[in-house]
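Structure at a glance
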Amino acid sequence: MSEPDQTPPLLDVQQLGKLYRVGGWLRPKHLRALHDASFTLGHGEILALVGESGSGKSTIARLCVRLEAPTSGRILLDGRDVLHEERGHATLAYRRRVQMIFQDPFGSLNPARTIGQHLERPLLLHDKAKTRADLSARVHALLDTVGLVPAPEVAAKYPQELSGGQRQRVAIARALAVEPDLILADEPVSMLDVSIRADVLNLMLDLKEKRGISFLYITHDLASARYVADRMMVMYAGHIVEAGPSDALLEKPLHPYTNLLLSAVPELEGSFARGLPARSGAPALVDPPPGCPFAARCPDVTDICRRETPRPVSLDEGRVVRCHLYPEPSRTRSE
Ligand code: ATP
Ligand code: MG
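Summarised in this report is the structure supplied together with it. For clarity, every value in this text was computed on a predicted model and none was experimentally measured. (Residues numbered from 1 in each chain as written. Chains lettered and ligands numbered in written order. Predicted model: local features only at pLDDT ≥ 70, side-chain atom pairs only at ≥ 80, totals over all residues. Heavy atoms only, no water.)

**Some words on the site of ligand 1**
- The environment of ligand 1 is formed by 16 residues, the closest being Ser53, Gly54, Lys57, Ser58 and Thr59.
- The backbone of Gly56 places a nitrogen or oxygen atom 3.0 Å from an oxygen atom of ligand 1.
- Between ligand 1 and Ser58, the relevant distance is 2.8 Å, taken from an oxygen atom to a side-chain nitrogen or oxygen of the residue.
- Calculation on ligand 1 without its partners gives an accessible area of 640 Å², and the protein chains cover 67% of this total.
- At the level of elements, strand 1 (11-22), strand 2 (29-41) and helix 1 (57-64) are the ones that each hand at least two residues to the shell around ligand 1.
- If one sorts the elements of the shell around ligand 1 by residue count, helix 1 sits on top with four residues. (Near = heavy atom within 4 Å. Polar contact = N/O pair within 3.5 Å; in protein donor to acceptor, adjacent residues only side chain to side chain. Areas by Shrake-Rupley, 256 points an atom, 1.4 Å probe, with all protein chains shown as cover. Helix = DSSP H or I, 4+ residues; strand = E, 2+ residues; numbered from the N terminus.)

**Remarks on the sheet that holds strand 3 (residues 46-51)**
- Strand order in this open sheet of eight strands is 6-7-8-3-9-10-12-11, and the pairing throughout is mixed. With partners counted over all chains shown, the strands left at the sheet margins are strand 6 (98-101) and strand 11 (313-314), one partner each.
- Of the strand pairs in this sheet, strand 9 (residues 231-236) and strand 10 (residues 239-245) are connected by six bridges, and their pairing is antiparallel. Opposite Tyr236, over in strand 10, you have His239 as the bridge partner.
- Relative to the sheet, helix 6 (residues 164-176) contacts strand 6 and strand 7 (182-186), its axis offset from that of strand 6 by approximately 170 degrees.
- Contacting strand 9 and strand 10, helix 10 (residues 256-263) crosses the sheet at an angle of about 100 degrees to strand 9. (Pairing = 2+ DSSP bridges. Contact = heavy atoms within 4.5 Å. Axes fitted to C-alpha atoms, helices over the stretch in contact; angles between N-to-C directions.)

**Focus on the layout of surface pockets**
- Taken as a whole, the largest pocket holds about 590 Å³ of empty space.
- Taken together, 22 residues form the lining of the largest pocket, with Arg95, Gln99, Met100, Pro122 and Arg174 sitting closest to its centre.
- Listing elements by their share of the lining of the largest pocket, those giving two or more residues are helix 2 (89-97), strand 6, helix 3 (115-125) and helix 6.
- By residue class, the composition of the lining of the largest pocket is 12 nonpolar, six polar and four charged. (1 Å grid on protein atoms, 1.4 Å probe; cavity = no way out; pocket = protein on both sides within 12 Å on 5 of 7 lines; lining within 4 Å. Points joined across faces, edges and corners; volume = space filled by probe spheres on them. Nonpolar A, V, L, I, M, F, W, Y, C, P; charged D, E, K, R; others polar.)

**Focus: unusual backbone geometry**
- With an omega of -5 degrees, the peptide bond running from Val149 to Pro150 counts as cis.
- If you trace the backbone, Pro150 turns up in the loop between helix 4 (132-145) and helix 5 (151-155).
- One non-glycine residue, Gln15, adopts positive backbone phi at about 45 degrees.
- Within the secondary structure layout, Gln15 lies in strand 1.

Given below as structure tokens:
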């Protein structure tokens, strides 16, 4: 007897918001880094998050890995509300399932520790090895997985003896040590040489295909997002303005901001070197004016855009857009 699939998505983010207090004690103000962000991420899926600097990409990652608490909203992992679980043991269990890789492979490794020691730590913390021999076998297996061979030689090295690309592989191996279901990769290739970016992206694809690991891949670079990601989300000024399958979104963008991004990047089959265009005049995040955050720059702006913040509208084929050009049907689930 077969029943309809009721499995919840791996990660289900619902109306997440983040305000930061800025401006000192005398005149405290709030910077709205994230506004009402909702999305899901499936098992074995790569979801890219693209947007210009300051749009809130890392904020989403920090909230999802629980380095910071959101001001509002919910985060569900396999359908369980993780923000209301007890801290301590539950946090350790969450960290085992959700790992993060940062942009800077130089800063994230300790120059006084060998590569082997970097990998032993999470294995011991999460009780993944019983004996000394077991521990070193696991370290070597991790290094093999990320293509750092011969593993015993690499394990004995210090971070400064490795290239940037090799260090980023160590960071990935460290994340893999706890056998996570989800890795939040915050610009993992942007500091690497263009020639080795594809290697690291291919490793992500391999881990997704062979181990079913999901990734949230944060980047400025649309070409690399299209290369690895099943789906993409576009952020502007703390808002997810558009989301959908990568090819469809790039071939037929819906939101005027996505259109602007694409017009500035004429050919996407590039070298993973292209970034988003520089812009003049940052959108206000402190006390933002009412309405759509893109209204001041939008070629299609109308009166309602300056009055009301558009809500997410779900369209066919898994596409979601937040723009008054796409009116809400009578009732739309926030996506
Ligand atoms: P980049 O591409 O430059 O990494 P980003 O999209 O990752 O940018 P975030 O780091 O998420 O951007 O920051 C979003 C906004 O929140 C920015 O305006 C940033 O200055 C602000 N912000 C982030 N962290 C804090 C903090 N701890 N206190 C105050 N403001 C913050
Ligand atoms: Mg960032």
